[in-house]
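Architecture and fold: a report
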2 protein chains.
Amino acid sequence: MIRIEPVTGLGEIAPGDDLADLLRPRVAPAADTVLVVTQKIVSKAEDRYVDLHTVRPGATAIDLAERTRKDPRLVELVLAESSAVVRAAPNVLITRHRTGHVMANAGIDQSNIGAGGNDRVLLLPLDADTSAAALHDALGIPVVIADSFGRPWRYGTVNVAIGAAGLPSLVDQRGDEDRDGRTLQVTQVALADMIASAAGLAMGEASEGIPAAIVHGLAWHAVPRAASALVRPLEEDLFR
Amino acid sequence: MIRIEPVTGLGEIAPGDDLADLLRPRVAPAADTVLVVTQKIVSKAEDRYVDLHTVRPGATAIDLAERTRKDPRLVELVLAESSAVVRAAPNVLITRHRTGHVMANAGIDQSNIGAGGNDRVLLLPLDADTSAAALHDALGIPVVIADSFGRPWRYGTVNVAIGAAGLPSLVDQRGDEDRDGRTLQVTQVALADMIASAAGLAMGEASEGIPAAIVHGLAWHAVPRAASALVRPLEEDLFR
C-alpha cells in the first residue's frame, strides 16, 4: 500500500528561508518514505529570482526571441541556463539545461512566484541534486525535487525528478529474469520520476499551491542515485 | 491523502478471461477512485498473442530488421501495428502505433507472457480506450490502462496511460489564474499518465507481476476524456 500525504502550512517561501527547518516538524523519517518538494519552493528559498529589467539580451537571444516570439530578456536567461538549444519555433523554446535535463524555457517560471509582477522570473535551483542532498542530510529522509515537464509526443505535463538524494532515481533491472525465466527486455525504471508524478496527484493543481508531499510505503533494492542518473547524454539522444 | 492499493490474486490471465468478473470482487466503486490495470493483462484476456512462426516478413520489414538488428518477423508485426516509423537505429525501433501513441516496438512484448517460449509475442489491445470503456461500464469505476514507455531524453521507463475511461486523461488549465492573479503558462496536465505512474509504484517491479492497482483520494473538475486525448498529432510533433 502506497500513501501520499500532502504537506501544507509552510506559508509563502521567501529567499533565505531554511526549508529543512520548515519541513522538519512535518516529516517523520521512515525506511519506506520519500519527501517530494516542488522545484518552486527550493528555487524561492535559494533566491533564484531574476528581475528581467536587469537583463541585457545579446544578439543570439534577440534573434532567438524573434523566432520563438518570446521576451528577449527571458531568452537571454534561458540561454545562460542552458548548454544547447534543442528546438526553437514560435512559442516553443526547448533547451538542454546546464544540469542535462531537457525542458521548455530552461525551467524558468513566471507563475506563482509571489509579488513583483510579470517582470520577475524564477530560475531552477543551481543544482537540484545538491539541494536534495542538503535536505536529505538535514532531515534524514530521501528527497525528490519535482518539476513539471512537457513531452514531445504527448499532450500535458507530468511531474519528473530534477533532484534526488537517498533513493535510486533509476532502478536497473538489466539481466533480471521475468517470472517465466526469460531475460527482461525493459531494463531500467525511472523510479524518481514515477515518485514525482505520484506526489503530483497529492499536490493538486497549481492554484492550490501545495508545495510538498510525503510518499509512504515505497521499497527498492538498489543503491541511491541522484536525478542526474536520469539524464540521457547528448550522444545517445536519438531525436536530434 | 492519496492511497494506492495493489490488486493481487487474479492468477495468470488467459485468453477469453473476463477481466471485469475477475476484478469485480476486488473493486469497490467510489467517487474518488480509479482502477489502473496493466496493458499486459488486457492484451492477454483479449488474446493478442501472435506466434512469430506464423509471420512472413515483407521486404520493408526485412530491410528495417537489418537496420535495427531485430527479428524480421517482429518488425513485420511492429509495422502492421504502426502508422509511421519515428526512429530506426541499431536496437531501436520507435513507431507511432495505430492509436497514435509513440513507443518502442509498437508496444509488442516478449516478457512475462506465459508459456510458449520466445517465439510468442503479445500485441497491445486493439484499442485500449475501448477496453477501458468496457471495464468502466462493467465495474462502474474510472479505469486507466497503463503501459511502460521510454522517453527520448531521460533514462528509464515510466508508466503512462494508453487507455482511459470515466476520468479526464488531460486536465486543461488554460486561462486559470495562479494564486497571484497572473494567467498560468503551463496549461494542461496529463492526469491519466500521472495516475498510471503512481499505480506503478504499487505494482512494483516486473518480476512481482502485480497486474492492477486502485488509486483512492483523487479529485478532478473536468469532463472525462479518453487516453487518445493525450496523443499529440503528427503535425504538432516538434521532434521530427
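Only a predicted model underlies this, so the values are computations on that prediction, with no experimental measurement involved.

Looking now at the packing of helix H6 (residues 191-203) of chain A against helix H6 (residues 191-203) of chain B. The description of two helices packed together rests on the angle between their axes and the distance between the axes. One can describe the packing of H6(A) onto H6(B) by two numbers: an axis separation of 8 Å at closest approach and a directional angle of 120 degrees. Classified by the interaxial angle, the pair formed by H6(A) and H6(B) is oblique. As for how H6(A) packs across H6(B), the hand of that crossing is left-handed. Packed against H6(A), whose contacting residues are Leu191(A), Met194(A), Ile195(A), Ser197(A), Ala198(A), Gly200(A) and Leu201(A), the element H6(B) presents Leu191(B), Met194(B), Ile195(B), Ser197(B), Ala198(B), Gly200(B) and Leu201(B) at the interface.

This part is about the side chain of Arg48(B). Residues and elements named next belong to chain B. Its location among the elements puts Arg-48 in the loop between helix H2 (39-45) and strand E3 (49-51). A distance of 3.3 Å separates polar atoms of two side chains, one belonging to Arg-48 and the other to Glu-81. In contact with Arg-48, not counting residues within four places along its chain, are Ser-43, Glu-81, Arg-98, Val-121, Leu-122, Leu-123, Leu-124, Pro-125 and Leu-126.

To continue, consider the sheet that holds strand E6 (residues 102-104) of chain B. All names here are of chain B. In space, the three strands of this open sheet follow the order E4-E5-E6, with antiparallel pairing throughout. Strands with a single pairing partner mark the edges of an open sheet, and in this sheet they are strand E4 (82-89) and E6. The sheet shows a mean angle of 25 degrees between the axes of neighbouring strands, taken without regard to direction. When E4 meets strand E5 (residues 92-97), the two strands line up antiparallel, connected through six bridges. Bridging from a neighbouring strand, Val-85 pairs with Thr-95 of E5. Lying on the sheet, helix H3 (residues 59-68) is in contact with E4 and E5; it crosses E4 at an angle near 35 degrees. Against the sheet, helix H4 (residues 72-80) touches E4 and E5, its axis set at about 135 degrees to E4.

This part is about the sheet that holds strand E5 (residues 92-97) of chain A. All names here are of chain A. The strand order across the open sheet built from three strands is E4-E5-E6, with neighbouring strands paired in antiparallel fashion. Only two strands of the sheet have a single neighbouring strand rather than two, namely strand E4 (82-89) and strand E6 (102-104). Direction aside, the axes of adjacent strands within the sheet are offset by 25 degrees on average. Packed on one face of the sheet, helix H4 (residues 72-80) meets E4 and E5 and runs near 135 degrees to E4.

Turning our attention to the domain arrangement of chain A. It is common to report an interface's size as the accessible area lost on association of the parts. Residue and element names in this part refer to chain A. According to the domain assignment, chain A consists of domain 1 (1-47 + 125-231) and domain 2 (49-123). Across the contact, 15 residues belong to domain 1 and 15 residues belong to domain 2. In total, about 1,300 Å² of surface goes out of reach between domain 1 and domain 2, with carbon and sulfur atoms giving 52% of it. Of all residues in domain 1, the largest losses of buried area upon contact with domain 2 belong to Lys-40, Phe-149 and Val-231, amounting jointly to 37% of the total for that side. Along the contact surface separating domain 1 from domain 2 lie one salt bridge. One can count four residue pairs in polar contact (both at pLDDT 80 or more) joining domain 1 with domain 2. Those elements that place two or more of their residues in the side of domain 1 that touches domain 2 are helix H2 (39-45) and strand E9 (158-165). Here the side of domain 1 that touches domain 2 takes four residues from H2, the largest share from any one element. Its residues assigned to classes, the side of domain 1 that touches domain 2 comprises nine nonpolar, two polar and four charged.

Another aspect to go through is the pattern of salt bridges. For side chains bearing opposite charge, pairing can occur when the charged atoms are close. Tallying each qualifying case throughout the model produces 18 salt bridges over all chains. Among the ionic pairs, Lys40(B) bridges to Asp109(B), the shortest N-O distance being 3.0 Å. With a gap of 69 residues between them, Lys40(B) in helix H2 and Asp109(B) in the loop between E6 and strand E7 (120-122) connect regions that are remote in the sequence. With respect to class, Lys40(B) is no different from Asp109(B); both count as buried. Between Asp71(B) and Arg73(B) there is a salt bridge; the shortest N-O distance is 2.8 Å. Relative accessible area serves as the criterion here: at 26%, Asp71(B) is assigned to the partly exposed category. Look at Arg73(B) and you get buried, because its relative accessible area is 18%. Several salt bridges share partner residues, and in doing so they unite Arg48(A), Glu81(A) and Arg98(A) into one network.

The rules behind each value
- Residues numbered from 1 in each chain as written.
- Chains lettered and ligands numbered in written order.
- Predicted model: local features only at pLDDT ≥ 70, side-chain atom pairs only at ≥ 80, totals over all residues.
- Heavy atoms only, no water.
- Axes fitted to C-alpha atoms, helices over the stretch in contact; angles between N-to-C directions.
- Helix = DSSP H or I, 4+ residues; strand = E, 2+ residues; numbered from the N terminus.
- Parallel < 35°, antiparallel > 145°, perpendicular 65-115°, else oblique.
- Left-handed = near helix turned anticlockwise from the far one by under 90°.
- Contact = heavy atoms within 4.5 Å.
- Polar contact = N/O pair within 3.5 Å; in protein donor to acceptor, adjacent residues only side chain to side chain.
- Pairing = 2+ DSSP bridges.
- Domains from an automatic or database assignment.
- Buried area = accessible area lost by both parts, 1.4 Å probe.
- Salt bridge = Lys/Arg side-chain N within 4 Å of Asp/Glu carboxyl O.
- Nonpolar A, V, L, I, M, F, W, Y, C, P; charged D, E, K, R; others polar.
- Buried < 20%, exposed > 50% of the residue type's maximum accessible area, 1.4 Å probe, protein only.

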